[in-house]
Protein chains: 2
Amino acid sequence: MKVVITGAAGFLGTRLAKALLAPNSALPVSELVLVDMTAPAYQPLTTTGIPVRALALDLVAPGVAEQIIEADTAVFFHLAAIVSGNAEKDFDLGFRVNFDATRAMLEAARRRASNMVFIMTSTVAVYGGKLPDAPDEDFAPMPQTSYGCAKAMAELLASEYGRRGWADARVIRLPTVSVRGGRANTAISSFASDIVRETLEGRDATVPVPPELCMWLTGPATVVHNLIHAATLPARAWSSRRVLALPGLRVRARDMVAALGRVCGPPCAARVRWEAQPRLAAMMASVPARLDARRALELGFREDESYDDLIREYIRDDLGGRIPE
Amino acid sequence: MKVVITGAAGFLGTRLAKALLAPNSALPVSELVLVDMTAPAYQPLTTTGIPVRALALDLVAPGVAEQIIEADTAVFFHLAAIVSGNAEKDFDLGFRVNFDATRAMLEAARRRASNMVFIMTSTVAVYGGKLPDAPDEDFAPMPQTSYGCAKAMAELLASEYGRRGWADARVIRLPTVSVRGGRANTAISSFASDIVRETLEGRDATVPVPPELCMWLTGPATVVHNLIHAATLPARAWSSRRVLALPGLRVRARDMVAALGRVCGPPCAARVRWEAQPRLAAMMASVPARLDARRALELGFREDESYDDLIREYIRDDLGGRIPE
């Protein structure tokens with residue numbers, strides 16, 4: 001089957017592409033199309049011989065959606081997004097990518113009339129305001145960020161195209177992915193990765209929220225597994241409700257630092273500085289620290305075991321198993 | 001203050017304009033701009049001497065939003081909409097008016113930087129799927145019509161522009177307005193008015209839903225009063241949650257016909273034919289027959305007393321108080 005990934009040069013996109021090209025991939029990929037603003041750096045990751053096209057494209061430019069959604073496109077992973085901090089600073093860019101690009105993809109799918117599987121990632125940041133401990137899918141989104149708002153609107157639109165039979169739309173609300181390798185990004189939640197990545201490199205890291213603040217986290221390997229699982233589930237699993245909350249770990253900021261000390265040693269934990277930034281802390285506190293993900297677990301989605309394991313996963317996958325001296 | 005009404009040639013728009021031009025209007029209108037696809041038929045409705053401009057404009061055409069939202073526009077009633085039945089038949093037209101036009105208005109308000117009061121009407125049709133008896137504002141919209149989806153998206157967008165401080169956005173979810181005078185419209189719920197208007201004219205009327213189906217109704221006078229009330233409330237009433245469910249009457253289809261017999265006489269009730277149309281009945285059954293409107297009542301919005309009164313209101317306001325022979 002022909003598979004497309006947007007945002008393919010990003011952190012998740014790169015890992016998803018690698019997983020889809022692996023010999024034991026759960027999706028029988030016959031061709032992979034990788035799309036991002038800059039062409040995803042493609043190197044033959046496997047010896048499976050699957051053809052890969054890497055394209056640098058602006059998703060909302062005229063004709064682009066039709067170019068990348070072809071009559072035989074079977075699965076479309078729509079990961080392209082402007083993350084929370086950036087979308088808050090640049091409203092227009094955020095809405096252009098997080099909403100308009102999604103709309104353009106859904107419209108192209110409709111015109112192809114192939115009812116392709118359309119996987120879209122969404123976020124806990126659709127929620128805001130006065131929240132129960134663990135909102136379930138019946139709880140109304142009330143976003144307090146432009147990122148969350150654009151995603152909440154895109155969720156509704158994808159569900160509508162699904163209801164109309166124009167795309168087999170499947171939206172998954174992801175916990176914050178941590179530990180992220182590579183550069184720090186401009187997501188508000190970026191510190192959850194910084195404290196591991198930076199301190200392991202011998203640099204200080206700042207936690208801009210109070211120690212008691214809780215986050216909803218998942219590891220990159222689990223997310224990639226769950227993205228593929230979302231695509232392999234039968235259509236009937238998605239027909240009545242197309243937005244699904246994925247499982248995650250509820251972790252207190254203080255406990256993240258404690259885990260860092262346990263797994264990487266006290267010197268790493270000592271490099272963490274607590275400097276609450278009121279505006280950012282308020283934005284973090286406005287999203288839930290746990291979602292009711294029982295439906296996802298019933299559908300066979302995977303959950304992580306502990307934050308300690310997420311740190312170990314980073315050391316294993318990004319540092320080759322060795323903690324830097 | 002300068003006030004704009006879109007959809008001003010429609011059923012509610014016409015009545016709202018009349019109320020705003022009346023000497024006892026609760027809003028001190030200094031200029032009224034009426035906008036619709038065809039120029040609203042304006043005749044000097046009052047002797048108050050308030051200047052009125054009637055414009056025929058396509059709201060999503062370039063420059064139109066900036067033309068009708070001026071630096072001194074104080075209150076903007078955005079009533080323009082493609083109703084449910086029509087939006088289901090013509091998805092593109094529905095989204096263009098129900099979503100894109102709303103977005104264009106909000107964008108123009110943002111550029112004017114005047115934080116004008118932006119009143120938008122929404123609908124119980126944002127809800128769908130498995131519903132509690134009376135969803136409150138924390139219950140998640142899951143629209144089962146294109147009309148409901150576009151309105152749910154527009155609600156989120158208006159709330160976001162409100163959060164950003166770009167418009168004093170105030171969204172009210174209206175019950176079905178009944179009894180509507182004039183021609184039958186293509187709303188799915190149109191029969192709730194047809195059974196009164198048509199049978200009073202001596203024609204048969206068809207109820208396309210089962211007798212036990214319940215609807216959530218309000219009368220035109222109450223809606224106009226509540227639209228103006230929404231605009232006169234202080235900004236703080238809207239700052240934490242910009243979407244509000246208005247009160248209504250929960251009425252069973254069978255009881256509508258019984259009320260018709262009581263108020264207009266048995267011959268009228270005898271002209272009603274029951275012919276359930278499965279697809280339409282399913283769409284009607286997918287929306288709630290009651291909303292939790294306690295917050296609106298606390299904020300001083302008005303509620304109707306009985307469906308009998310709604311029929312009497314129609315006879316008084318549309319038929320000059322006389323039941324046709």
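If you're wondering where the values come from, they're calculated on a predicted model, not measured in any experiment.

1. Focus: the overall build of chain A
Right, on to step 1. Helix and strand content of chain A: 12 helices and 12 strands.
Right, on to step 2. For the C-alpha atoms alone, the extent of chain A along its principal axes is close to 55 × 50 × 40 Å.
Right, on to step 3. Looking at chain A as a whole, 51% of its 325 residues are labelled buried.

2. Some remarks on the pairing of strand β9 (residues 214–218) of chain B
Residues and elements named next belong to chain B.
Right, on to step 1. Among the five residues of β9, four are classified as buried, and the element is accordingly described as predominantly covered.
Right, on to step 2. Bridge count between strand β7 (residues 176–177) and β9: two bridges; the pairing is parallel. In the sheet register, Val177 faces β9, and the bridge partner there is Thr218.
Right, on to step 3. Alignment of β9 against strand β11 (residues 249–252), held across four bridges, turns out to be antiparallel. Bridging from a neighbouring strand, Trp216 pairs with Arg250 of β11.

3. Notes on the sheet that holds β11(B)
Right, on to step 1. Read from one edge of the open sheet, three strands run β7-β9-β11 (chain B), paired in mixed fashion. Two strands lie at the open edges of the sheet, namely β7 and β11 of chain B, each paired on one side alone.

4. Considerations on the interface of chain A and chain B
Right, on to step 1. With 17 residues of chain A in contact, the opposing surface of chain B contributes 17 residues.
Right, on to step 2. Here the side of chain A that touches chain B is composed, by residue class, of nine nonpolar, three polar and five charged.

5. Here we look at unusual backbone geometry
All names here are of chain A.
Right, on to step 1. Backbone torsion omega between Ser178 and Val179 reads 10°, so that peptide bond is classified as cis.
Right, on to step 2. Within the fold, Val179 resides in the loop between β7 (176–177) and α6 (191–200).
Right, on to step 3. The phi dihedral of Asn115 is positive, around 50°, even though this residue is not glycine.
Right, on to step 4. Tracing the backbone shows Asn115 in the loop between α4 (91–112) and β5 (117–123).

6. Side note on the sheet that holds strand β3 (residues 52–56) of chain A
Residues and elements named next belong to chain A.
Right, on to step 1. The parallel open sheet is built from seven strands, whose spatial order is β3-β2-β1-β4-β5-β6-β10. The sheet is open, and its two edges are formed by β3 and β10 (243–245), each paired on a single side. Direction aside, the axes of adjacent strands within the sheet are offset by 20° on average.
Right, on to step 2. With five bridges connecting them, strand β1 (residues 2–6) and strand β2 (residues 31–36) associate as parallel partners. Pairing of Val4 across the sheet is with Val33, part of β2.
Right, on to step 3. The strands that helix α5 (residues 146–163) touches are β5, β6 (168–174) and β10; relative to β5, the one it contacts most, it runs at about 155°.

7. Side note on the nonpolar core
Right, on to step 1. By size, the foremost hydrophobic cluster in this structure holds 221 residues, and its most contacted members are Phe118(A), Met153(A), Phe118(B) and Met153(B).
Right, on to step 2. Per-domain counts for this core show at least three residues from each of domain 1 (2–174 + 219–245) and domain 2 (188–216 + 249–290 + 304–318) of chain B.
Right, on to step 3. Dropping the residues within four chain positions of it, Phe118(A) is found in contact with Phe76(A), His78(A), Leu106(A), Ala109(A), Ala158(A), Ala167(A), Asp168(A), Ala169(A) and Arg170(A).

8. Considering α4(A)
Residues and elements named next belong to chain A.
Right, on to step 1. For α4, which comprises 22 residues, the first-to-last C-alpha distance of 31 Å matches the rise-based estimate of 32 Å (1.5 Å per residue) to within 8%.
Right, on to step 2. Roughly 30° is the biggest bend found in α4, and it falls at Asp100.
Right, on to step 3. Among the residues of α4, those classed as buried are Gly94, Phe95, Val97, Asn98, Phe99, Ala101, Thr102, Ala104, Met105, Leu106, Ala108 and Ala109.
Right, on to step 4. Summarising the contacts, the buried residues of α4 are in contact with α2 (64–68), β4 (73–78), α3 (84–89), β5 and α5.

9. Description of the relation of the copies chain A and chain B
Each of the two copies of the chain can be brought onto the other by a rotation about an axis and a shift along it.
Right, on to step 1. Once chain A is rotated about the relating axis by 180° and shifted along it by 0.0 Å, it coincides with chain B to within an RMSD of 0.0 Å. In the structure described here, the two chain copies are related by an operation that fits a two-fold rotation axis. Every residue of chain A has its C-alpha some distance from the rotation axis, and the shortest such distance is that of Ala140(A), at 1.8 Å.
Right, on to step 2. A shared binding surface is used by both copies, with 100% of the interface residues of chain A retained as interface residues in chain B.

10. Here's the deal with the confidence of the model for chain A
Right, on to step 1. For chain A, mean pLDDT is 93; residues scoring 70 or higher make up 98% of the total.
Right, on to step 2. With a pTM of 0.95, the predicted complex shows an ipTM of 0.95.

11. Some details on helix α8 (residues 253–264) of chain A
All names here are of chain A.
Right, on to step 1. In a regular helix each residue adds 1.5 Å, so 12 residues correspond to 16 Å; α8 covers 16 Å between its end C-alpha atoms and thus fits that length.
Right, on to step 2. Those residues of α8 that fall on the buried side of the exposure criterion are Ala253, Met256, Val257, Ala259, Leu260, Val263 and Cys264. The buried residues of α8 occupy an angular sector of 155° when the element is viewed end-on, so they sit on one face.
Right, on to step 3. Once α8 finishes, Gly265 follows within two positions and takes phi at roughly 100°, a positive value.

12. Quick look at the packing of helix α4 (residues 91–112) of chain B against helix α5 (residues 146–163) of chain B
Residues and elements named next belong to chain B.
Right, on to step 1. Running from N to C, α4 and α5 cross one another at 10°; their axes reach a closest spacing of 9 Å. With respect to each other, α4 and α5 are oriented roughly parallel. Here α4 contributes Phe91, Gly94, Phe95, Asn98, Phe99, Thr102, Arg103, Leu106, Ala109 and Arg110 to the contact with α5, which in turn contributes Ser146, Tyr147, Ala150, Lys151, Met153, Ala154, Leu157, Ala158 and Tyr161.
Right, on to step 2. Within the contact of α4 with α5, the residues separate by chemical class into 12 nonpolar, four polar and three charged.

13. Here we look at the pairing of strand β6 (residues 168–174) of chain B
Residues and elements named next belong to chain B.
Right, on to step 1. The element β6 is extensively covered by neighbouring structure, given that seven of its seven residues are classed as buried.
Right, on to step 2. With seven bridges connecting them, strand β5 (residues 117–123) and β6 associate as parallel partners. Opposite Thr121, over in β6, you have Ile172 as the bridge partner.
Right, on to step 3. Viewed along the sheet, the connection from β5 through α5 into β6 turns out right-handed.
Right, on to step 4. By the bridge criterion, three bridges tie β6 to strand β10 (residues 243–245) in an arrangement that is parallel. Within β10, the residue paired with Val171 across the bridge is Val243.

14. As for the environment of Ala71(B)
Residue and element names in this part refer to chain B.
Right, on to step 1. Along the chain, the position of Ala71 falls in the loop between α2 (64–68) and β4 (73–78).
Right, on to step 2. For the pair Ala71 and Met116, spaced 45 residues apart in the sequence, the C-alpha separation amounts to 8.9 Å.
Right, on to step 3. With residues near it in sequence (within four places) discarded, Ala71 still touches Arg112 and Ser114.

What counts, and at which threshold
- Residues numbered from 1 in each chain as written.
- Chains lettered and ligands numbered in written order.
- Predicted model: local features only at pLDDT ≥ 70, side-chain atom pairs only at ≥ 80, totals over all residues.
- Helix = DSSP H or I, 4+ residues; strand = E, 2+ residues; numbered from the N terminus.
- Buried ≥ 20, exposed ≤ 12 C-beta atoms within 10 Å, placed from the backbone.
- Pairing = 2+ DSSP bridges.
- Contact = placed C-beta atoms within 7 Å.
- Nonpolar A, V, L, I, M, F, W, Y, C, P; charged D, E, K, R; others polar.
- Axes fitted to C-alpha atoms, helices over the stretch in contact; angles between N-to-C directions.
- Core = buried A, V, L, I, M, F, W, Y, C linked by C-beta atoms within 7 Å.
- Domains from an automatic or database assignment.
- Expected span 1.5 Å × (residues − 1).
- Bend = angle between axes of the 7 residues up to and from the residue.
- Least-squares fit on C-alpha atoms with pLDDT ≥ 70 in both.
- pLDDT = per-residue confidence, 0-100.
- Arc of directions from axis to C-beta.
- Parallel < 35°, antiparallel > 145°, perpendicular 65-115°, else oblique.
- Right-handed = clockwise from strand over helix to strand, strands pointing away.

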